[in-house]
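# A closer look at the structure
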Amino acid sequence: MAAKEPSPIVKSYLILYNAAQVVGWCYMLYQLIAYYTIDKGTEKTLWDYLGFTVILFQNAALLEIVHAFTRIVPSNPVITTFQVLSRVMVVCGVVMATPTGKVSPGLPLAILAWSVTEIIRYAYYALNLIDAVPQLLIFLRYTTFIVLYPTGVTGELLCFYWAQSHVANTKQWSIEMPNTYNFTFSYLYFLWAVMLLYIPLFPQLYLHMFAQRKKILGSGSSSGATKQKHN
């Protein structure tokens with residue numbers, strides 16, 4: 001279904017939002033590269049080095065859920081919610097919450113995949129709003145995910161796995177019986193449940209992107225892509 005043209009105010013807001021995200025994720029990618037090159041040997045951990053940037057711009061993506069549900073963009077609200085919350089969970093519920101999550105080998109993988117993906121995605125959205133998306137950007141938007149999505153998911157799951165060892169030992173954020181409310185909750189089981197959700201959900205998202213790729217690039221034309229007004 002074709003998207004309704006946003007009002008000038010909404011359009012200006014979306015352009016500003018997407019442009020700010022491009023700048024933020026570009027800076028994050030720079031920080032990631034600098035950590036392993038310019039500042040190689042620093043005593044800081046990777047999370048100490050760029051954690052604030054990740055927290056700021058990843059949580060800013062929560063606005064995309066609002067955009068989708070209020071229909072100011074044509075994104076699927078359910079898919080958008082899962083994509084955003086899965087990453088927010090990694091940042092806030094895994095990496096920020098546990099010392100083991102911060103040193104997971106999956107963290108640089110996830111940040112690399114996230115940053116490259118988001119630079120391309122937000123640039124595409126911003127330029128799409130002014131009908132100025134170059135063909136190369138369209139190609140990157142619907143091609144780089146083939147490698148970046150599995151890379152990002154691998155990084156996220158490694159962060160979960162590293163975090164669960166700390167939660168298992170400390171019983172962090174868990175509620176055990178007996179208690180006043182006669183209620184029990186295991187954060188360890190919750191982490192494993194989220195990890196297991198990747199099994200049915202990731203293939204659906206991945207195949208959805210392949211379907212979009214075929215729809216947009218199948219004819220070899222950019223006209224279909226530039227008509228879609230995303231957030």
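Residues numbered from 1 in each chain as written. Predicted model: local features only at pLDDT ≥ 70, side-chain atom pairs only at ≥ 80, totals over all residues. Heavy atoms only, no water.

### Side note on the overall build of the protein chain
Applied cut-off: Secondary structure counts use DSSP, requiring at least four H or I residues in a row for a helix and at least two E residues in a row for a strand, with both numbered from the N terminus. Note that the radius of gyration is over C-alpha atoms, with the globule rule given as 2.2 Å times the number of residues to the power 0.38. Only protein chains enter the calculation, and the probe is 1.4 Å; a residue is then buried if its accessible area is under 20% of its type maximum, exposed if over 50%, and partly exposed in between.
Helix and strand counts for the protein chain stand at 10 helices and zero strands. Relative to the compact-globule value of 17 Å for 231 residues, the protein chain shows a C-alpha radius of gyration of 19 Å, a close match. With respect to the principal axes defined by its C-alpha atoms, the protein chain has extents near 60 × 50 × 35 Å. The buried share of the protein chain, taken over its 231 residues, is 45%.

### As for helix α6 (residues 106-128)
To keep things clear, this is the line we draw: Expected helix span is given by 1.5 Å per residue-to-residue step, counting one fewer step than there are residues.
Helix length check: α6 (23 residues) gives 32 Å between terminal C-alpha atoms against 33 Å at 1.5 Å per residue, within 8%. Across the 23 residues that make up α6, a large majority, 18, are buried.

### Structural notes on the environment of S165
With respect to the helices and strands, S165 occurs in helix α8 (residues 145-170). In this structure, the C-alpha to C-alpha distance between S165 and V147, residues 18 residues apart in sequence, is 28 Å.

### Side note on the UniProt feature "transmembrane region" (unreviewed entry) in the protein chain
Note the threshold: UniProt positions are given in the numbering used here, feature names are shortened, and annotations may be inferred rather than shown by experiment.
Annotation from UniProt places "transmembrane region" (unreviewed entry) at residues 12-34, 46-66, 78-97, 109-127, 139-163 and 183-207. With 100% helix and 0% strand, residues 109-127 has its two end C-alpha atoms placed 27 Å apart. Here residues 183-207 is 84% helix and 0% strand, with 39 Å between the C-alpha atoms at its ends.

### Points about the side chain of T53
Heads up, the rule is: The definition of a polar contact used here is a pair of N or O atoms within 3.5 Å, where within protein one atom must be able to donate a hydrogen and the other to accept one, and adjacent residues in sequence count solely through side-chain atom pairs. The contact rule is simple, with two residues in contact once any of their heavy atoms fall within 4.5 Å.
Relative to the helices and strands, T53 is located in helix α2 (residues 46-60). Here T53 falls in the buried class, since its relative accessible area comes to 7%. A polar atom in the side chain of T53 sits 2.8 Å from the side chain of Q31. Apart from residues lying up to four places away in sequence, T53 is in contact with G24, Y27, M28 and Q31.

### Re the nonpolar core
Condition: Here, nonpolar core means buried Ala, Val, Leu, Ile, Met, Phe, Trp, Tyr and Cys residues that are tied together by side-chain atoms lying within 4.5 Å of each other.
Core analysis: the largest hydrophobic core is formed by 55 residues, its most contacted members being V54, V94, I111 and F160. Secondary-structure elements contributing two or more residues to this core are α1 (8-36), α2, α4 (77-95), α6, α7 (135-141), α8 and α9 (187-217). With 11 residues, the single largest contributor to this core is α9. Not counting residues up to four positions away in its chain, the partners in contact with V54 are M28, W47, N59, V91, I111 and W114.

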